[in-house]
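Examining the three-dimensional arrangement
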Amino acid sequence: MRCCITFTVNDQTQTVETFPMKRLLDVLREDLQLTGTKEGCGEGECGACSVIMDGLLVNSCLVPILHASGSSVRTIEGIAPPGGLHPVQRAFAACGGAQCGICTPGMILAAIHLLERTPHPTRGQIREALSGNLCRCTGYQKIIDSVEQASSHLS
Amino acid sequence: MESRVVGQPVQRKEAMAKVCGAARYVDDLQPPGVIHGATIRSAIPRGKILDIVFEPGVPWNDFVVVTSADIPGRNIVSLIHDDQPCLASQIVNHPHEPILLIAHPDEDLLRRARKLVRVQYEPLPAVFDIDSSLKQETIVWGSDNVFKRYLMAKGDVDSVWTEAAFLVEGEYSTGAQEHVYIEPNGMLATANDREGVTVWGSLQCPYYVHNALMALFGFPAEKIRVIQQETGGAFGGKEEYPSIIAAHAALLAWKSGRPVKLVYDREEDMAATTKRHPSRTRHRTAVSREGRLLAMDIEFTLDGGAYSTLSSVVLSRGTIHAPGPYRCPNVRVRSAAVATNAPPHGAFRGFGAPQSLFALELHIDKIARAVGLAPDEFRRRNFLETGDSTATGQIITQPLDLAALQERALEAAGYRAKLLQFQSDNPRSQLKKGLGFATFMHGAGFTGSGERHLQSVVELQTTADGGVRIFCSMTEMGQGTNTILTQIAAETLGLPYEKVTICQPDTALVPNSGPTVASRTSMIVGMLIERAARELKEKLRSSAGPFRVRTQYREPPGVHWDDETYRGDAYGAYSWAAYVAEVTVDIATGEVQVDRFTAVQEVGRVLNPVLASGQIEGGIVQALGFALLEKIIWRDGSMVNNQMTNYIIPTAMDVPPIQVLFEEIPYEHGAMGAKGIGELPMDGPAPAIVNAIENALGISLDSIPVTPEVILDRLRDHVRELETSPV
Ligand code: FES
Ligand code: FES
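So, how was this worked out
Residues numbered from 1 in each chain as written. Chains lettered and ligands numbered in written order. Predicted model: local features only at pLDDT ≥ 70, side-chain atom pairs only at ≥ 80, totals over all residues. Heavy atoms only, no water. Helix = DSSP H or I, 4+ residues; strand = E, 2+ residues; numbered from the N terminus. Rg over C-alpha atoms; globule rule 2.2 N^0.38 Å. Contact = heavy atoms within 4.5 Å. Lys, Arg positive; Asp, Glu negative; His and termini not counted. Charge placed at Lys NZ, Arg CZ, Asp CG, Glu CD. Core = buried A, V, L, I, M, F, W, Y, C linked by side-chain atoms within 4.5 Å. Buried < 20%, exposed > 50% of the residue type's maximum accessible area, 1.4 Å probe, protein only. Pairing = 2+ DSSP bridges. 1 Å grid on protein atoms, 1.4 Å probe; cavity = no way out; pocket = protein on both sides within 12 Å on 5 of 7 lines; lining within 4 Å. Points joined across faces, edges and corners; volume = space filled by probe spheres on them. Nonpolar A, V, L, I, M, F, W, Y, C, P; charged D, E, K, R; others polar. Domains from an automatic or database assignment. Buried area = accessible area lost by both parts, 1.4 Å probe. Salt bridge = Lys/Arg side-chain N within 4 Å of Asp/Glu carboxyl O. Polar contact = N/O pair within 3.5 Å; in protein donor to acceptor, adjacent residues only side chain to side chain.

**Structural notes on the overall build of chain A**
- Per the secondary structure count, chain A includes six helices and five strands.
- For chain A, the N- to C-terminal ordering of α and β elements is β-β-α-β-β-α-β-α-α-α-α.
- Relative to a compact globule of 155 residues, whose C-alpha radius of gyration would be 15 Å, chain A shows 15 Å and is just as compact.
- By principal-axis analysis of the C-alpha atoms, chain A measures approximately 45 × 30 × 25 Å.
- Sequence-distant contacts, at least 24 apart, represent 54% of the contacts inside chain A between residues at least 6 apart.
- The average position of the 12 basic charges and that of the 14 acidic charges among the side chains of chain A differ by 6 Å.

Structural data, given as structure tokens:
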């Protein structure tokens, strides 16, 4: 049975007609063509599908769209004004924080989520905050450098 | 000459697209009318297919179904030998072997349908490990279960056993390893009579896929087109297997007349696609009283899985690397890749070398203990130097000072002072600290005559805006191809980095520059780009163009290799390294934490310091997983922990601070002085870490992964030995 779900994505109100158990990840990617959010495992382990929902970092592969009803979701496409870059994006590009790039959108959202709460984290806090996001390319060191650099650019 | 672009940390070419989520991976493509494909796979390790039943429950008439009977050309996955079918027709030889394909627009319905296809089998006996394969009681491949054997010999090992002061023996093994690129495998295909076959996908080697599709469809080259999408990690795992997925997607597209997307989910990807070859290595070594190697007798065996695929080539590299960076007058390596009824094992960063070097570097520590020398001193007495000959008889002509490399690594790691400190602290603590290291090398480019056979080509073309565009088949999968090749061209042409662009690999547009494997991109293909750029620059002196120039591989002078005797110049150049690991082991839980890691390497000239250290750090962490965490649980040839929840790779919490240091000695035949880099960091960390654990606990280990259970077991054995041994 299909139903209508209304929620906010990157500050825009969206209404989709879909199955209530369809994953938020698929609604973003298929219904809204926001393909920046990636799928690495579909079981809540890799964090490639991370988005920020009502201020919480969630794995969008584990969220049925029904639960997103009325919520406000931020994805990689909405973290910076059009044509601009978020300081975290700039830092990832400058420090080598993205290699193959598949973990990058989720990783950047996890980093933003951390920095919004803890603007000047220690490296240990960064490691902990990113431990739900797997990266197989970088060995994490340059990702941690990126978050540190972004943090130093935040006042 | 001062360089403006090469050697600088210029930003990755596709960095902006990646940090904005705009890079297009195959699953991001959604062409109109696309339908989804699924693969029905063997549920048993080996047997005859008796019947295929489509049980009721879905409207089967709405499905596209493809069996081997639908293949227009040959039912093979064309690679080296033609033993692997694209779809099994009568016999299955491993679990998860593809048997038939189905497609439908509705993914949910497709998922349900998949469970309603029942294949009936008559099981046949199967083998699951190296030992039972070698026993040859059950033959599952060819006449003897052996895909390939090599004998690599120098001097006469048998002449020295009696005169040696020390004989040291050991047996070591490594487990399979899953690549866990974060983007699972996937392909999108269209196919029809008029235009032929086009596939877009996550892949390393466009021309491997091209070649496989030509054989499968019986089409001429121009009717097959392969396009690489942004690729979310590969590590060898997208070297040969994508040919199969492309073939399947293309067959479904051919039969349905619609675009077909075939994207694996994580469970299917882990269970069905390739993994690193499990290995077993036996060493017997003769050493003189002064601690010099007299003879190394090595037996190296790989489990290749059910079909030959790339096993002979993986075996070759593992064989050549087995004696390591040491001087020894008498060496014999006898190696074999054998068949088992597991999905074929395949290419994985390091390609056989991590396996044989793991064994060697543990064994070297063991020898040092037997001889009574410190592990660094024993190595120092035996390192290859400039002018020495390797086990294949290759003379080292490049400047090489491994003792200095080792010393620099030990110093940077604070090795000697810490060793003493740990020795005095450990007895008082449940947390035991230890240090270990490994010294090793990795040959860059294809082995032996491989590059000569490939005859790789690249092209450069001037563009209307005064820039230059690179055309080659080298793929970007995160390792930095786009950036490095652009840097080389820009530097040589004297153009700004931004003025040089690189064409997305598309077999309709780019020449065959060989596969993106074997740490060959910077050194070999980069050199072709450099030569092409020089030629283009010459032309541009007299006229503004437009020009398109083309260069082809030329073997450096004086390179000789004999495939029959396995003698000669195995690689154009080796990269060299010394890695040090510092660990803490909790003897109550068996938990190992790597506290610090120091990596010193000589990879020729570093073309981009951020990318280069990124390769090293990433490789080290992947190897840390190989050493400590990544354990595949097999049941009857099938991986049963095929999920990220129970196959554990390192997280940001598991990895230590890594210090990466380069020794830069330009290599004259590599692009701008570069040698290979991508695979080297996969070779050394596992033995360094395991040597460190041995150092911390005073026990000996011989296989990886070293999980907490292994440590606790060994500690119990150790206590028992101490209790029962006469005082
Ligand atoms: S895809 Fe959601 S956590 Fe991996
Ligand atoms: S950059 Fe490839 S997985 Fe993180």
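**Section: the nonpolar core**
Residue and element names in this part refer to chain B.
- By size, the foremost hydrophobic cluster in this structure holds 156 residues, and its most contacted members are Trp576, Tyr579, Phe597, Leu628, Ile689 and Ile693.
- Residue contributions to this core peak at 10 residues, all from helix H8 (residues 353-371).
- Among the nonpolar cores identified, the runner-up in size contains 38 residues, and Val468, Ile529, Tyr667 and Ala671 belong to it.

**With respect to the sheet that holds strand E4 (residues 91-92) of chain B**
Residue and element names in this part refer to chain B.
- A sheet is described by the order of its strands in space; here three strands give the open sequence E4-E2-E6, paired in antiparallel fashion. The outermost strands of the open sheet, each flanked by one partner alone, are E4 and strand E6 (117-123).
- Here strand E2 (residues 47-54) pairs with E4 via two bridges, running antiparallel. In the strand pairing of E4, Gly47 is matched with Val92.

**Brief notes about the layout of surface pockets**
Residue and element names in this part refer to chain B.
- In this structure, the second largest pocket occupies an estimated 890 Å³ of space.
- In terms of residue count, the dominant contributor to the lining of the second largest pocket is helix H7 (residues 311-321) (four residues).
- In terms of residue class, the lining of the second largest pocket is made up of 16 nonpolar, 13 polar and seven charged.

**Some points on H7 of chain B**
- Among the 11 residues that make up H7 of chain B, 10 are buried, leaving the element largely enclosed by the rest of the structure.
- The complete set of buried residues in H7 of chain B reads Ser311, Ser312, Val314, Leu315, Ser316, Arg317, Gly318, Thr319, Ile320 and His321 of chain B.

**Looking at the pairing of strand E16 (residues 431-444) of chain B**
Residues and elements named next belong to chain B.
- For E16, the tally of buried residues reaches 12 of 14 residues, placing the bulk of the element in the interior.
- With 14 bridges joining them, E16 and strand E23 (residues 573-586) adopt antiparallel strand pairing. Residue pairing for E23: Gly436 is matched across the bridge by Ala581.

**Some remarks on the domain arrangement of chain A**
All names here are of chain A.
- If you check the domain split of chain A, you get domain 1 (3-77) and domain 2 (87-152).
- One C-alpha centre belongs to domain 1, the other to domain 2; they are set 21 Å apart.
- The partner domain 2 presents 14 residues to the 15 residues of domain 1 that form the contact.
- Here domain 1 and domain 2 share an interface that buries about 1200 Å² over both sides, 60% of which is from carbon and sulfur atoms.
- Of all residues in domain 1, Ile52, Leu57 and Ile76 bury the most surface against domain 2, accounting for 38% of the area lost on that side.

**Observations concerning the pattern of salt bridges**
- Per the stated rule, a full pass over the model turns up 59 salt bridges over all chains.
- In this structure, Glu178 of chain B engages Lys275 of chain B in a salt bridge whose closest nitrogen and oxygen atoms are separated by 3.9 Å. With Glu178 of chain B in the loop between strand E8 (166-174) and strand E9 (186-192) and Lys275 of chain B in the loop between helix H6 (266-272) and strand E13 (279-287), the pair connects residues that are 97 residues apart, well separated along the chain. The pair Glu178 of chain B / Lys275 of chain B is uniform in exposure class, with both members buried.
- Ionic pairing is found between Glu530 of chain B and Arg534 of chain B, a salt bridge with its closest N-O pair at 3.2 Å. Linking Glu530 of chain B with Arg534 of chain B, this pair stays in helix H14 (residues 521-542), spanning four residues, or about one helical turn.
- What makes Arg534 of chain B partly exposed here is its relative accessible area of 43%.
- When salt bridges that share partners are traced, they join Arg29 and Lys38 of chain A together with Asp27, Asp28 and Lys261 of chain B into one network.

**Section: empty space enclosed by the protein**
Residue and element names in this part refer to chain B.
- Applying the stated criterion to the full structure yields eight cavities of 30 Å³ or more.
- Considered as a void within the structure, the largest cavity measures approximately 590 Å³ in volume.
- If you go around the largest cavity, you meet 38 residues; those closest to its centre are Gln479, Ser519, Gln615, Gly678 and Glu679.
- At the level of elements, helix H13 (481-493), H14 and helix H15 (609-629) are the ones that each hand at least two residues to the lining of the largest cavity.
- Per element, the largest residue contribution to the lining of the largest cavity is three residues, and it comes from H15.

**Describing the interface of chain A and chain B**
- Contact with chain A, which involves 39 residues of that partner, is made by 52 residues of chain B.
- Roughly 3700 Å² of surface becomes buried between chain A and chain B when both sides are summed, with 56% attributable to carbon and sulfur atoms.
- Its largest share of buried area at the contact with chain B, chain A owes to Gln99, Arg127 and Arg136 of chain A, together 21% of the area lost on that side.
- Between the two partners, chain A and chain B, sit five salt bridges.
- Across the pair Asp28 of chain B and Lys38 of chain A runs a salt bridge whose closest N-O atoms are separated by 2.5 Å.
- Along the contact surface separating chain A from chain B lie 25 residue pairs in polar contact (both at pLDDT 80 or more).
- Contributing elements (two or more residues each) for the side of chain A that touches chain B: helix H1 (24-31), helix H3 (87-95), helix H4 (104-117), helix H5 (123-129) and helix H6 (141-152) of chain A.
- Per-element accounting of the side of chain A that touches chain B gives the leading share, five residues, to H3 of chain A.
- Grouping the amino acids of the side of chain A that touches chain B by side-chain chemistry returns 17 nonpolar, 12 polar and 10 charged.

**Looking at the domain arrangement of chain B**
Residue and element names in this part refer to chain B.
- Domain assignment breaks chain B into domain 1 (15-23 + 456-552), domain 2 (31-124 + 180-272) and domain 3 (279-447 + 567-724).
- Computed from C-alpha atoms alone, the centre-to-centre distance between domain 2 and domain 3 is 37 Å.
- Listed per partner, the contact involves 26 residues of domain 2 and 29 residues of domain 3.
- When residues of domain 2 are sorted by the area they lose upon contact with domain 3, Val180, Phe235 and Met270 head the list and together hold 23% of the total.
- Where domain 2 meets domain 3, there are zero salt bridges.
- If you look at where domain 2 meets domain 3, you find nine residue pairs in polar contact (both at pLDDT 80 or more).
- Looking at which element gives the most residues to the side of domain 2 that touches domain 3, the answer is H6, with five residues.

**A word on the side chain of His96 of chain B**
- With respect to the secondary-structure elements, His96 of chain B resides in the loop between E4 and strand E5 (98-104).
- In this structure His96 of chain B touches Arg41, Ser42, Ala271, Ala272, Pro343 and Ser638 of chain B, once residues within four positions along its chain are discounted.

**Considerations on the sheet that holds E13 of chain B**
Residues and elements named next belong to chain B.
- Across the sheet, six strands lie side by side as E7-E15-E14-E13-E8-E28; this open sheet has mixed pairing. Where the open sheet ends on each side, the last strands, each with one partner, are strand E7 (146-154) and strand E28 (703-704).
- Pairing geometry for E8 and E13, over nine bridges, is antiparallel. If you follow Tyr172 over to E13, its bridge partner there is Thr281.

**Quick word on the environment of His345 of chain B**
- For His345 of chain B, the location among the structural elements is in the loop between strand E15 (330-339) and H8.
- Along the sequence, His345 of chain B and Val65 of chain B sit 280 residues apart, while their C-alpha atoms lie 28 Å from each other.

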